[in-house]
Amino acid sequence: MRVATAALVLPSVTMTGAPGAAMARTPAQARAGTPARPCPAPPVARPTSPAPPPLDPAKAAVGGPALATAGLVTPSGAAEPPKVTATSWLVADLTSGAVLGGCGPHEYGVPASVQKLLLAAAVLPHLDPKQVVEVTESDLDFEPGSSAMGLVRGGRYTVETLWLGLILNSGNDAANVLARLGGGTGGQAGGVAAMNAEAARLGAHQTHAATPSGLDGPGQYTSAYDLALISRACFAHADFRRYAATKTAEVPAQPAINAKGYSMLNDNQLLHRYPGALGGKTGYTDLARHSFVGAAERNGRTLLVTLLGAETQPARGWEQGAALLDWGFGLPADAGVGQLVAPARADSGNQVSSPAAGATRVRSDDRGFHIDWLLGTVGTIMLVGALLGLLFYQRRAARRQVGR
């Protein structure tokens, strides 16, 4: 179901800063008469080969007209948000989808490893966590020295172990395997195509994947708003929530190739040091700088923060995310400046087909519904059988009575 942004009724907001270069100041900004409050400038040039497409004013207003700004947008009367180095950010309610505030929420940014969340949103529902996969030489073809979970060629690992390596250690090797597996006959390229198809389905119009891992590639970009849409889709899956909340995990030994087992520690410090943290994802490349996604629960509310283009001084990416979460939790429950839109179409039934792989499996979150359906079907068959048996018995009894 698509949420029509024109129908949104938003509380009063404070907007500062101008929209994208091709856009004029909005009427709301003009009425407010507030001074320009731009987001921090990116410390390095953004990709130009190819450059992101011009920001469509209509797509920049997805989620509400107040979000069509390159500057700060907060609820009127809200406390000043913390100063961060992120070039764009957004805080939203993970349950209701209400956007509590942001800075340049629809501005293009470089994702780094938070792009792995799009891989999870695209293929996690279609892969069996218990499936065992053998690692190939091509799976280990990624930038030397970049983050990896330590897979070895010829090793055999469950899909669940690969997801844990992707989330906990930001494994680029795991991303390659999962994209290959999720891409079906299309291989890793099919996995990337599935990521872009999922971005379109979610309404993440400022997102394009060039690599499954988030390593810099030509024409790869996203926005803080899109990251929130993607992250919300991920947290809707029980398996993902479990992976994201895992602090340590074991990678099994591979006796056949003489490789020892080892432990992994979740590198998202929010999970270890922020009360109520549910996990998320970190990212870094020289081009993207630091990106971050984090979710936490407090007093019955669950909030999500996304940020792009951050520096580590005076605070690291996760610390900036934690400060923004604190700010969001301090707002009234009904505060908001916009909305995270619903996907363009809902998945039908209890089974979904991978657009790339064409394989069908029961989605992990829907196992209960699948069992209910199965039990209901069996119950119906038994009921019909009982009625037929009763009818047969009655007819025999009638025949016996007639013969007396």
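Residues numbered from 1 in each chain as written. Predicted model: local features only at pLDDT ≥ 70, side-chain atom pairs only at ≥ 80, totals over all residues. Heavy atoms only, no water.

Novice: Is there a simple way to think about helix H7 (residues 224-235) in this case?
Specialist: Side chains that are three or four residues apart share a direction in an α-helix, a result of its 3.6 residues per turn. Taking 1.5 Å of rise per residue, 12 residues should cover 16 Å, and H7 covers 16 Å from first to last C-alpha, within 8% of that figure. The element H7 is extensively covered by neighbouring structure, given that 11 of its 12 residues are classed as buried. Of all the positions in H7, only Ala-224, Tyr-225, Asp-226, Leu-227, Ala-228, Leu-229, Ile-230, Ser-231, Ala-233, Cys-234 and Phe-235 are classed as buried. (Helix = DSSP H or I, 4+ residues; strand = E, 2+ residues; numbered from the N terminus. Expected span 1.5 Å × (residues − 1). Buried < 20%, exposed > 50% of the residue type's maximum accessible area, 1.4 Å probe, protein only.)

Novice: Please clarify how the side chain of Ser-231 should be interpreted in this entry.
Specialist: Its location among the elements puts Ser-231 in helix H7. Setting aside anything within four residues of it in sequence, one finds Ser-231 in contact with Leu-117, Val-293, Leu-304 and Thr-306. (Contact = heavy atoms within 4.5 Å.)

Novice: Would you take a moment to explain the pattern of salt bridges for this structure?
Specialist: Two side chains bearing opposite charge may form a pair once their charged atoms approach each other closely. Going through the model one piece at a time under the given rule, you end up with nine salt bridges. A salt bridge links Arg-242 to Glu-160, with the nearest nitrogen and oxygen atoms 3.1 Å apart. Of this pair, Arg-242 sits in helix H8 (residues 238-244) while Glu-160 sits in helix H4 (residues 159-168), placing them 82 residues apart in sequence. Under the relative-accessibility criterion, Glu-160 is labelled partly exposed at 27%. One network of salt bridges, with partners in common, ties together Glu-160, Asp-239 and Arg-242. (Salt bridge = Lys/Arg side-chain N within 4 Å of Asp/Glu carboxyl O.)

Novice: Teacher, can you tell me more about the layout of surface pockets here?
Specialist: One water molecule sets the probe size; rolling that probe over the atoms shows where empty space is left. Of the pockets and cavities examined, the second largest pocket occupies roughly 420 Å³. Taken together, 22 residues form the lining of the second largest pocket, with Thr-282, Gly-283, Tyr-284, Thr-285 and His-290 sitting closest to its centre. At the level of elements, strand S9 (277-285), strand S10 (289-298) and helix H10 (317-329) are the ones that each hand at least two residues to the lining of the second largest pocket. A total of four residues in the lining of the second largest pocket trace back to one element, the largest contributor, which is S9. Per-class residue counts for the lining of the second largest pocket are four nonpolar, 13 polar and five charged. (1 Å grid on protein atoms, 1.4 Å probe; cavity = no way out; pocket = protein on both sides within 12 Å on 5 of 7 lines; lining within 4 Å. Points joined across faces, edges and corners; volume = space filled by probe spheres on them. Nonpolar A, V, L, I, M, F, W, Y, C, P; charged D, E, K, R; others polar.)

Novice: I keep staring at the packing of aromatic side chains and nothing clicks. Help me out?
Specialist: We describe a pair of aromatic rings using the distance from one ring centre to the other and the angle between the two ring planes. If you walk through the whole model with that rule in mind, you get three aromatic pairs. An angle of 85° between the planes, with centres 5.8 Å apart, marks the rings of Trp-89 and Trp-327 as edge-to-face. Of this pair, Trp-89 sits in strand S3 (residues 88-93) while Trp-327 sits in helix H10, and the two are 238 residues apart along the sequence. For Trp-327, a relative accessible area of 7% corresponds to the buried category. Note on Phe-235 and Phe-240: the rings are 5.2 Å apart at their centroids and 85° apart in plane angle, and the pair reads as edge-to-face. Here Phe-240 falls in the buried class, since its relative accessible area comes to 1%. (Phe/Tyr/Trp six-rings, centres within 6.5 Å; stacked < 30°, edge-to-face > 60°.)

Novice: Where do I start with the confidence of the model for the protein chain in this structure?
Specialist: Low-pLDDT portions of the prediction should not be read for the details of their coordinates. Per-chain confidence: the protein chain averages 82 in pLDDT, with 74% of residues scoring 70 or above. Here residues 17-36 is modelled with pLDDT under 50, and outside its nearest four sequence neighbours on either side it reaches 36 contacts, counting other chains as well. (pLDDT = per-residue confidence, 0-100.)

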